[in-house]
Amino acid sequence: MTARISAEVHRSFPGGAGIRAVLDEPLAPGQVLVLFGPSGSGKTTVLRAVAGLDRPDAGAISFDGETWFDAASGVFVSPQRRRAGFLFQDFALFPHLSVEENVAYGLGRLSREERKGRVLEASRLLRVEPLLGRRISMLSGGERQRVALARALAPRPRLLLLDEPLSALDGPTREELRGELRALLHHLGIPSILVTHDRVEALALGDRLAVLVDGVVRQSGPVEEVFGAPADTAVARVVGTENVLPVRVAGSEGGLVVVEAGPIRLLAVDPGHLPAEAFACIRAEEVILEAAPGTASSARNHLRGVVTSMVNEGPLVRVTLDCGVRLVALVTRPGAEQLGLAPGLPVAALLKAQAVRLVPRS
Amino acid sequence: MDAEALRLSFTLAALTTAALLVLGLPVAAWLAVSRWRWKPLVEAVVALPLVLPPTVLGFYLLVAMGPMSPFGRAWIAAFGRPLAFSFEGLLLASVIYSLPFAVQPFAAALSAVDPRLVEASHTLGVSRLATFFRVSLPIAAPGVVAGSVLTFAHALGEFGVVLMVGGNIPGETRTLSIAIFDSVEQLDYATASRTALFLLAVSFTVLVVTYALRRRPVLG
């Protein structure tokens, strides 16, 4: 049962650029749609409009065939009746209530026993059961996040909305919780929409991606597609000049990880705790091109391919290769001229193992 | 000390405080979140008793309560006796005169409540009204208590408006501050001093409690 989120959000701000975001994406249970963009791009505005916390100036929002907002007909479903769980950036836990009271907060309509059951269910899922008796002020950042998720999930929402869920956490905790969060979101059986400006977070957590720039959705689609083939330069600037390849971990070799991306094998440095599936991210700047497979080099990855297209970018040339997978290299103009690069030319791409960055996916 | 005046003053102060909890909280809650363009107008009306001489306010209230005004006539028709120079009239005047002492601290406390918490409550399916009682009010409680205490103390000692609207009827409108004035006029300085000292002690205690409450951090 794949639901669908359709949102057209128009908002103007005094003295600032407005937002005119149009979004129409499938949302399968357990799947995560990432709204990705730099700060100020309007992604949080869109998320808040979907939650019903803000009313757009114009546009329409519907989820799973139900209209939540329609400026034309004046429909506005209150956030209470949308049944969309919301995880705030700073978690917004109620400071005057205990952890248990926080988790039970949205269960007012249920009987005592049912309420108790739901609190247990949600707190087991998030592993916050031992914290139930605590005060909010006694919790660490990571614990707060889990309690806030338990609170949002206890009323069994139809949709989960997450606003920069990891940004309030410190570095090590963030790394740790990123993996946990992905596993949780996939396990939930409800779709999620997640807002982030962090590339690694988008790659690690998203199934589909919508890129917002200046209040407009510039591109949307499967994560690796959007990262791998930005539709225009604005998107490319936001997602970075990166090759993103879905890979499977195939083993290890000399202390390095061997991953397979379709027909090709890559050696990469092990980031630790690597599940079976990951994204291999390679910056286009770090791909070295060689006219013909030649002498030995210290780079661990040698890929044979054919040049498919070339685009000049100032002093650089963006060269797209077909190596069995699509690979983009950013080389200097003199470098390209020396190699005589042209579409159809066979070349070899050299990649150091440490240039292949692995982002865990499951 | 005049026991009857003491009882009357405490009753008046307690009822004023209760009335302002019921009336002042909704006004304060509205002031805390509203972005209406005419809001300063409402804020000014609420704050007016702070700067207006009590006699001016008392005069208008007296006129409004008198048999010459439609309101005064309606009151007499409904209850069979005039509002002016009665305890009810005194209470009404006291509520209006104490409005800023309740509403301003209430509004300050309520607007300090993180709006994210209110939004979180809404996304959890809890209505606006229930959110007010389950989130905003408990978090703003220290400010609401401080405002109530301040209102009580202020209503306890009020003089000017009381004199204008209530006069000096024992058991009906003769409050402690009127009693002090009376004693002084009769050159009974001993009684005046006892009553004054009592009011001073009460006011001082109330302020100490208020500031102590304000210093206490919000629960969390």
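The paragraphs below set out a description of the structure included in this document.

## Considerations on the packing of helix 3 (residues 54–65) of chain B against helix 5 (residues 87–111) of chain B
All names here are of chain B.
Moving on, step 1. Viewed as axis vectors pointing N to C, helix 3 and helix 5 meet at an angle of 135°, and their least axial separation amounts to 11 Å. As the angle between them shows, helix 3 and helix 5 are arranged oblique. As helix 3 packs across helix 5, the resulting crossing turns out to be right-handed. Counted together, Pro54, Leu57, Leu61 and Met65 of helix 3 and Gly89, Leu92, Ala93, Ile96 and Tyr97 of helix 5 form the full contact between these two elements.
Moving on, step 2. When the residues that make up the contact of helix 3 with helix 5 are grouped by side-chain class, the tally is eight nonpolar, one polar and no charged.

## What to know about the sheet that holds strand 17 (residues 301–313) of chain A
Residue and element names in this part refer to chain A.
Moving on, step 1. In space, the five strands of this open sheet follow the order 16-20-17-18-19, with antiparallel pairing throughout. Only two strands of the sheet have a single neighbouring strand rather than two, namely strand 16 (288–290) and strand 19 (326–332). For this sheet, the mean angle separating the axes of adjacent strands, direction not counted, is 45°.
Moving on, step 2. For strand 17 and strand 20 (residues 346–351), the ladder comprises six bridges, and the chain directions are antiparallel. Looking at strand 20, one finds that Asn301 is bridged to Leu351.

## Thoughts on the nonpolar core
Across soluble globular proteins, you tend to see nonpolar side chains buried next to one another.
Moving on, step 1. Ranked by size, the top nonpolar core spans 58 residues in total, and within it Leu35(A), Val50(A), Trp68(A), Phe94(A), Leu159(A), Leu161(A) and Ile193(A) carry the most contacts.
Moving on, step 2. At seven residues, helix 5 of chain B tops the list of elements feeding residues into this core.
Moving on, step 3. Leaving out residues up to four positions away in the same chain, Trp68(A) has contacts with Val50(A), Ile61(A), Ser62(A), Phe63(A), Val75(A), Phe76(A), Val77(A), Arg82(A), Ala84(A), Arg158(A) and Leu159(A).
Moving on, step 4. Core analysis: the next-biggest nonpolar cluster, separate from the first, contains 52 residues, Phe36(A), Ala204(A), Leu209(A) and Val223(A) among them.

## Side note on the packing of aromatic side chains
Moving on, step 1. Across all of its chains, the model carries 13 aromatic pairs over all chains by this definition.
Moving on, step 2. With 5.8 Å between their ring centres and 50° between their planes, Phe36(A) and Phe227(A) make a pair best called tilted. Highlighted residues: Phe36(A) in strand 3 (residues 32–36) and Phe227(A) in helix 8 (residues 223–228), separated in sequence by 191 residues.
Moving on, step 3. Overall, Phe227(A) belongs to the buried group, its relative accessible area being 0%.
Moving on, step 4. With 6.2 Å between their ring centres and 80° between their planes, Phe69(A) and Phe76(A) make a pair best called edge-to-face.
Moving on, step 5. Under the relative-accessibility criterion, Phe76(A) is labelled partly exposed at 27%.
Moving on, step 6. Through successive ring pairs, a cluster of aromatic residues spans Phe10(B), Phe152(B) and Phe198(B).
Moving on, step 7. Directly above the ring of Phe94(A) sits Arg151(A), whose terminal nitrogen or CZ lies 4.6 Å from the centroid.

## Some points on unusual backbone geometry
All names here are of chain A.
Moving on, step 1. One non-glycine residue, Asp64, lies in the positive phi region at around 55°.
Moving on, step 2. The residue Arg156 is not glycine, and still its phi comes out positive at about 55°.
Moving on, step 3. Within the element layout of this structure, Arg156 appears in the loop between helix 5 (141–153) and strand 8 (159–163).
Moving on, step 4. Exposure remark for Arg156: the relative accessible area of 41% places this residue in the partly exposed category.

## Section: the pattern of salt bridges
Moving on, step 1. Throughout the structure, instances matching the rule amount to 17 salt bridges over all chains.
Moving on, step 2. With a closest N to O distance of 3.1 Å, Arg158(A) and Glu66(A) form a salt bridge. With a gap of 92 residues between them, Arg158(A) in the loop between helix 5 and strand 8 and Glu66(A) in strand 5 (residues 66–70) connect regions that are remote in the sequence.
Moving on, step 3. Arg158(A) gets classed as partly exposed once you look at its relative accessible area, which sits at 22%.
Moving on, step 4. Each of the salt bridges in this network shares a partner with another, and the network as a whole consists of Arg11(A), Arg48(A), Asp54(A), Arg116(B) and Glu119(B).

## A few points about the sheet that holds strand 14 (residues 264–268) of chain A
Residues and elements named next belong to chain A.
Moving on, step 1. Here we have five strands laid out as an open sheet, ordered 14-13-12-15-21, and antiparallel in their pairing. Each having just a single partner strand, strand 14 and strand 21 (357–360) make up the two edges of the open sheet. On average, each strand axis in the sheet is inclined to that of its neighbour by 45°, with strand direction left out of account.
Moving on, step 2. Relative to strand 14, strand 13 (residues 256–261) is paired through five bridges, and the arrangement is antiparallel. If you follow Ala261 over to strand 14, its bridge partner there is Ile264.

## A closer look at the environment of Ala112(B)
Moving on, step 1. Locating Ala112(B) in the fold gives a position in the loop between helix 5 and helix 6 (115–123).
Moving on, step 2. Spatially, the C-alpha atoms of Ala112(B) and Ile139(B) are 9.0 Å apart, while their sequence positions differ by 27 residues.

## What to know about a nonpolar patch on the surface
Moving on, step 1. Together, Trp30(B), Trp36(B), Trp38(B) and Leu41(B) line one region of the surface with nonpolar side chains, adding up to about 460 Å² of accessible area.
Moving on, step 2. Given the relative accessible area of 55%, Leu41(B) is considered exposed.

## Thoughts on the interface of chain A and chain B
Moving on, step 1. Taken together, the contacts link 21 residues of chain A with 20 residues of chain B.
Moving on, step 2. For the pair chain A and chain B, the summed buried area comes to about 1800 Å², and 62% of that belongs to carbon and sulfur atoms.
Moving on, step 3. Where chain A packs against chain B, one counts one salt bridge.
Moving on, step 4. Linking Glu119(B) and Arg48(A) is a salt bridge whose minimum nitrogen-to-oxygen distance equals 2.6 Å.
Moving on, step 5. Linking chain A to chain B there are five residue pairs in polar contact (both at pLDDT 80 or more).
Moving on, step 6. Going through the elements one at a time, helix 2 (79–82), strand 7 (84–87) and helix 5 of chain A are the ones with two or more residues in the side of chain A that touches chain B.
Moving on, step 7. For the side of chain A that touches chain B, the residue count by class is 12 nonpolar, four polar and five charged.

## Let's talk about the pairing of strand 7 of chain A
Residues and elements named next belong to chain A.
Moving on, step 1. Going residue by residue along strand 7, you find Ala84 and Phe86 tucked away on one face and Gly85 and Leu87 tucked away on the opposite face as well.
Moving on, step 2. Two strands pair when backbone bridges link them, and strand 7 and strand 8 are joined in this way by four bridges, in the parallel orientation. The residue bridging Leu87 from the neighbouring strand is Leu162, located in strand 8.

## Regarding the pairing of strand 4 (residues 58–63) of chain A
Residues and elements named next belong to chain A.
Moving on, step 1. Burial along strand 4 is one-sided: Gly59, Ile61 and Phe63 are buried, while Ala58, Ala60 and Ser62, pointing the other way, are not.
Moving on, step 2. Here strand 1 (residues 3–11) pairs with strand 4 via six bridges, running antiparallel. The partner of His10 across the bridge, within strand 4, is Ala58.
Moving on, step 3. The pairing of strand 4 with strand 5 spans four bridges and is classified as antiparallel. Bridge pairing in strand 5 links Ser62 to Thr67.
Moving on, step 4. In textbook terms, the turn of a hairpin is the stretch between consecutive antiparallel strands, and for strand 4 and strand 5 this stretch comprises two residues, one of which, Asp64, has a positive phi near 55°.

About the cut-offs
Residues numbered from 1 in each chain as written. Chains lettered and ligands numbered in written order. Predicted model: local features only at pLDDT ≥ 70, side-chain atom pairs only at ≥ 80, totals over all residues. Heavy atoms only, no water. Axes fitted to C-alpha atoms, helices over the stretch in contact; angles between N-to-C directions. Helix = DSSP H or I, 4+ residues; strand = E, 2+ residues; numbered from the N terminus. Parallel < 35°, antiparallel > 145°, perpendicular 65-115°, else oblique. Left-handed = near helix turned anticlockwise from the far one by under 90°. Contact = heavy atoms within 4.5 Å. Nonpolar A, V, L, I, M, F, W, Y, C, P; charged D, E, K, R; others polar. Pairing = 2+ DSSP bridges. Core = buried A, V, L, I, M, F, W, Y, C linked by side-chain atoms within 4.5 Å. Buried < 20%, exposed > 50% of the residue type's maximum accessible area, 1.4 Å probe, protein only. Phe/Tyr/Trp six-rings, centres within 6.5 Å; stacked < 30°, edge-to-face > 60°. Lys NZ or Arg CZ within 6 Å of the ring centre and 35° of its normal. Salt bridge = Lys/Arg side-chain N within 4 Å of Asp/Glu carboxyl O. Patch = residues over 30% accessible without salt bridge, like charges linked within 9 Å, V, L, I, M, F, W, Y side chains within 5 Å. Areas by Shrake-Rupley, 256 points an atom, 1.4 Å probe, with all protein chains shown as cover. Buried area = accessible area lost by both parts, 1.4 Å probe. Polar contact = N/O pair within 3.5 Å; in protein donor to acceptor, adjacent residues only side chain to side chain.

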